[in-house]
Amino acid sequence: MCTLRAMLNLNDLVLFATAVESGGFAAASRRLGVPKSTISKRVAALEDELGARLIHRTSRSFVLTDTGRDFHEHARAALIETEAAENAVRRLTAEPSGKVRITCGVPTAQDYLAPHLPALARAYPRLQVEIDVSDRFVDLVQEGYDIGVRSHFAPLPDSGLIQRQAAVEAIVLVAAPAYLQERGTPRSAQELAGHDGLLTGPGNTTWSLRADGGERVVATPRARMVANEGRVLAAAAVAGLGIAVLPERLCAAELGDGRLLRVLPGWNAGTVTTSLLMPHRRGQLPGVRATVEFLVECLSR
């Protein structure tokens, strides 16, 4: 019958190696903050365990035996390898890794996440991000998602989930240069009543507008097109069909290259907030925390 031999105590190896490298038990005691008697006893126990004398010691001398010199060389190498193994594990646990499941709606995926996901993958190569794009209701806890990204106009209800606000942006009025050249540029919110509007739904026939100074106006444009998807309205605005109210980030590219222009720059139709939601336990995982912090930093710029 085979039995396992007891392994040497690594603490004893540390005490022995420190005593050798310090030149004696007293110096090792000062270096480690351990009583000299403790070091001496543990080294003696180590010798008993090995069945060999490692040190010739008297009240005035501390000299390694030949066996002691060989043992110290291997012991020091073992301690170095132990430290390297510990550091390797600490690096691995410090680096975010594993799968992170994210759920979000179609516009949020296209306009908010898509530009930043490649940078996230490069920043954390051991992280596997899985995106589920859907406009259906998703129960993060029951369906096992780590993060839900939601863009919303009103505050989210208290659901027991951790909420992190990532961005707040204005909903702005935009139109194509050709439309404004043909129909004229509105100079006041009241003039919007004489313009074609690209609206978000049959029940949304008006725009509730607010000026930078706080003034509020309800404008009622002529409904030229109705769609409940922002990209459709942005394309219609670029085509010159009318004025649309869109989240600033959604139409940032079109505003940047001049396909769309701001209408009444001192006014907006409210704000849209992008929040990250996490179940409490999942939000504590290193990979999830790293993903959340990365996205919050990107989206808040």
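Presented here is an overview of the structure given in this document.

What the protein contains, in helices and strands, is 11 helices and 14 strands. Relative to its length of 301 residues, the protein is extended, with a C-alpha radius of gyration of 34 Å against a globular reference of 19 Å. Oriented by its inertia axes, the alpha-carbon framework of the protein measures out at about 105 × 45 × 30 Å. Counting only residues that meet the buried cut, the protein has 38% of its 301 residues in that class. The long-range fraction of contacts in the protein, counting pairs at least 24 apart against all pairs at least 6 apart in sequence, stands at 73%. Total accessible area computed for the protein in this model is approximately 16800 Å², and 53% of it derives from carbon and sulfur atoms. Each charge class in the protein can be summarised by its mean position, and for the 34 positive and 32 negative side chains these summaries are 5 Å apart.

Looking now at the packing of helix α2 (residues 25–32) against helix α3 (residues 36–50). Following both chains from N to C, one finds α2 and α3 inclined at 115°, their axes separated by 8 Å at the closest point. Regarding α2 and α3, the two cross each other, and that crossing is right-handed. For the pair α2 and α3, the contacting residues are Phe25, Ala26, Ala28 and Ser29 in the first and Lys36, Ile39, Ser40 and Val43 in the second. Partitioned by chemical class, the residues of the contact of α2 with α3 number 5 nonpolar, 2 polar and 1 charged.

Right, let's talk about the side chain of aspartate 146 for a bit. You can see aspartate 146 is positioned in the loop between α7 (140–143) and β5 (147–152). Within the local environment of aspartate 146, its side chain forms a polar contact with the backbone nitrogen of arginine 101, the two atoms lying 2.7 Å apart.

Before going further, it helps to spend a moment on the sheet that holds strand β8 (residues 207–211). Strand order in the open sheet formed by 3 strands is β9-β8-β13, and the pairing between neighbours is antiparallel. Edge positions in the sheet fall to β9 (216–219) and β13 (267–268), since each of these pairs with one other strand and no more. The pairing of β8 with β13 spans 2 bridges and is classified as antiparallel. Across the sheet, residue arginine 210 finds its bridge partner in β13, namely asparagine 268.

The next subject is the layout of surface pockets. Within this model, the largest pocket holds a volume of roughly 840 Å³. Along the walls of the largest pocket sit 34 residues, with Pro107, Ser151, Phe153, Asn228 and Pro247 positioned nearest its centre. Considering the residues around the second largest pocket, the lining is formed by 13 residues, among which Phe137, Val138, Arg150, Leu161 and Leu277 are closest to the centre.

Take α3 next. With 15 residues, α3 should cover 21 Å at 1.5 Å per step; its first-to-last C-alpha distance of 21 Å lies within 8% of that length. Within α3, burial applies to Ile39, Val43, Leu46 and Glu47. Considered in projection along α3, the buried side chains sweep an arc of 100° and stay on one side of the axis. In α3, the exposed positions that point more than 90 degrees away from the buried face belong to Lys41 and Asp48. Glycine 51, located one to two residues past α3, shows a positive phi value of around 70°.

Moving on, we come to the nonpolar core. Ile102, Ile147, Val149, Leu276 and Val292 are the most contacted members of the largest nonpolar core, which has 22 residues in total. Contributions of two or more residues to this core are made by β3 (98–104), α5 (106–113), β5, β6 (162–175), β14 (271–278) and α11 (286–299). Sorting elements by how many residues they give to this core places α11 first, with 7 residues. Filtering out sequence-adjacent residues up to four positions away, isoleucine 102 remains in contact with Leu113, Val129, Glu130, Ile131, Asp132, Tyr145, Ile147, Val149, Thr291 and Leu295.

A word on the environment of glutamate 169. By the element assignment, glutamate 169 lies in strand β6. Judged by relative accessible area, which is 8%, glutamate 169 ranks as buried. When near neighbours in sequence (up to four residues on either side) are disregarded, glutamate 169 contacts Tyr112, Pro247, Glu248, Arg249, Leu250, Gly270, Thr271 and Val272. Reaching out from glutamate 169, the side chain makes a polar contact with the backbone nitrogen of glutamate 248 at a distance of 3.3 Å.

With that out of the way, let us pick up the pairing of β6. Every other side chain in a regular strand lies on the same face of the sheet, so the side chains alternate between the two faces. Inspection of the sheet shows β6 paired to β14 by 8 bridges, in the antiparallel sense. By the bridge assignment, glutamine 165 is partnered in β14 with serine 275. With 4 bridges joining them, β6 and strand β11 (residues 243–247) adopt antiparallel strand pairing. Its bridge partner being in β11, valine 174 is matched across the sheet by alanine 244. Relative to strand β12 (residues 261–263), β6 is paired through 3 bridges, and the arrangement is antiparallel. In the strand pairing of β12, alanine 175 is matched with leucine 261.

What counts as what
- Residues numbered from 1 in each chain as written.
- Predicted model: local features only at pLDDT ≥ 70, side-chain atom pairs only at ≥ 80, totals over all residues.
- Heavy atoms only, no water.
- Helix = DSSP H or I, 4+ residues; strand = E, 2+ residues; numbered from the N terminus.
- Rg over C-alpha atoms; globule rule 2.2 N^0.38 Å.
- Buried < 20%, exposed > 50% of the residue type's maximum accessible area, 1.4 Å probe, protein only.
- Contact = heavy atoms within 4.5 Å.
- Areas by Shrake-Rupley, 256 points an atom, 1.4 Å probe, with all protein chains shown as cover.
- Lys, Arg positive; Asp, Glu negative; His and termini not counted.
- Charge placed at Lys NZ, Arg CZ, Asp CG, Glu CD.
- Axes fitted to C-alpha atoms, helices over the stretch in contact; angles between N-to-C directions.
- Left-handed = near helix turned anticlockwise from the far one by under 90°.
- Nonpolar A, V, L, I, M, F, W, Y, C, P; charged D, E, K, R; others polar.
- Polar contact = N/O pair within 3.5 Å; in protein donor to acceptor, adjacent residues only side chain to side chain.
- Pairing = 2+ DSSP bridges.
- 1 Å grid on protein atoms, 1.4 Å probe; cavity = no way out; pocket = protein on both sides within 12 Å on 5 of 7 lines; lining within 4 Å.
- Points joined across faces, edges and corners; volume = space filled by probe spheres on them.
- Expected span 1.5 Å × (residues − 1).
- Arc of directions from axis to C-beta.
- Core = buried A, V, L, I, M, F, W, Y, C linked by side-chain atoms within 4.5 Å.

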